[in-house]
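Topology and contacts: notes
Here are the chains, one letter per residue:
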Amino acid sequence: MPQGHGRTVRAKGREFAVYTVAGKVCAVDDKCPHKGGPLGAGMLEGSKIVCPLHGWAFDAETGVCDVRPDRPVSTYPTRVRDGQIEICI
């Protein structure tokens, strides 16, 4: 995946937003806790995933929200093996 670009992926009946940040693949829940916006369709600003609906920003590695630290998204460990991104659910 190109640096700075994200996408929504589905695995085991769930949706995750996946981004490459500083060479590391990061995965978070795809739904923004504010209004359910698709974080995989958001933009990456530095290491922050910005929700396309209302602009809430989440740290791609920790899930912490800039606007509401009490409303983070869950993060998941990832690894790349044989060209495939694996998400530890």
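Quick notes on the rules
- Residues numbered from 1 in each chain as written.
- Predicted model: local features only at pLDDT ≥ 70, side-chain atom pairs only at ≥ 80, totals over all residues.
- Heavy atoms only, no water.
- Patch = residues over 30% accessible without salt bridge, like charges linked within 9 Å, V, L, I, M, F, W, Y side chains within 5 Å.
- Areas by Shrake-Rupley, 256 points an atom, 1.4 Å probe, with all protein chains shown as cover.
- Salt bridge = Lys/Arg side-chain N within 4 Å of Asp/Glu carboxyl O.
- Helix = DSSP H or I, 4+ residues; strand = E, 2+ residues; numbered from the N terminus.
- Buried < 20%, exposed > 50% of the residue type's maximum accessible area, 1.4 Å probe, protein only.
- Contact = heavy atoms within 4.5 Å.
- Polar contact = N/O pair within 3.5 Å; in protein donor to acceptor, adjacent residues only side chain to side chain.

1. Things to note about a nonpolar patch on the surface
On the surface, a nonpolar cluster with roughly 240 Å² of combined accessible area is contributed by Met-1, Val-80 and Ile-85. Structurally, Ile-85 can be placed in strand β9 (residues 84-87). A residue is classified by how much of its surface remains accessible, and Ile-85, at 34% relative accessible area, is partly exposed.

2. A look at the environment of Lys-48
On the secondary structure map, Lys-48 appears in strand β5 (residues 48-50). Using a relative accessible area of 25% as the deciding quantity, one classes Lys-48 as partly exposed. Between the C-alpha atom of Lys-48 and that of Val-64, which follows or precedes it by 16 residues, the distance is 9.3 Å. Sequence-distant contacts of Lys-48, that is, excluding residues within four places in its chain, are made with Met-43, Ala-57, Phe-58, Asp-59 and Asp-66. Here the side chain of Lys-48 touches Asp-66 through a polar contact of 3.2 Å, side chain to side chain.

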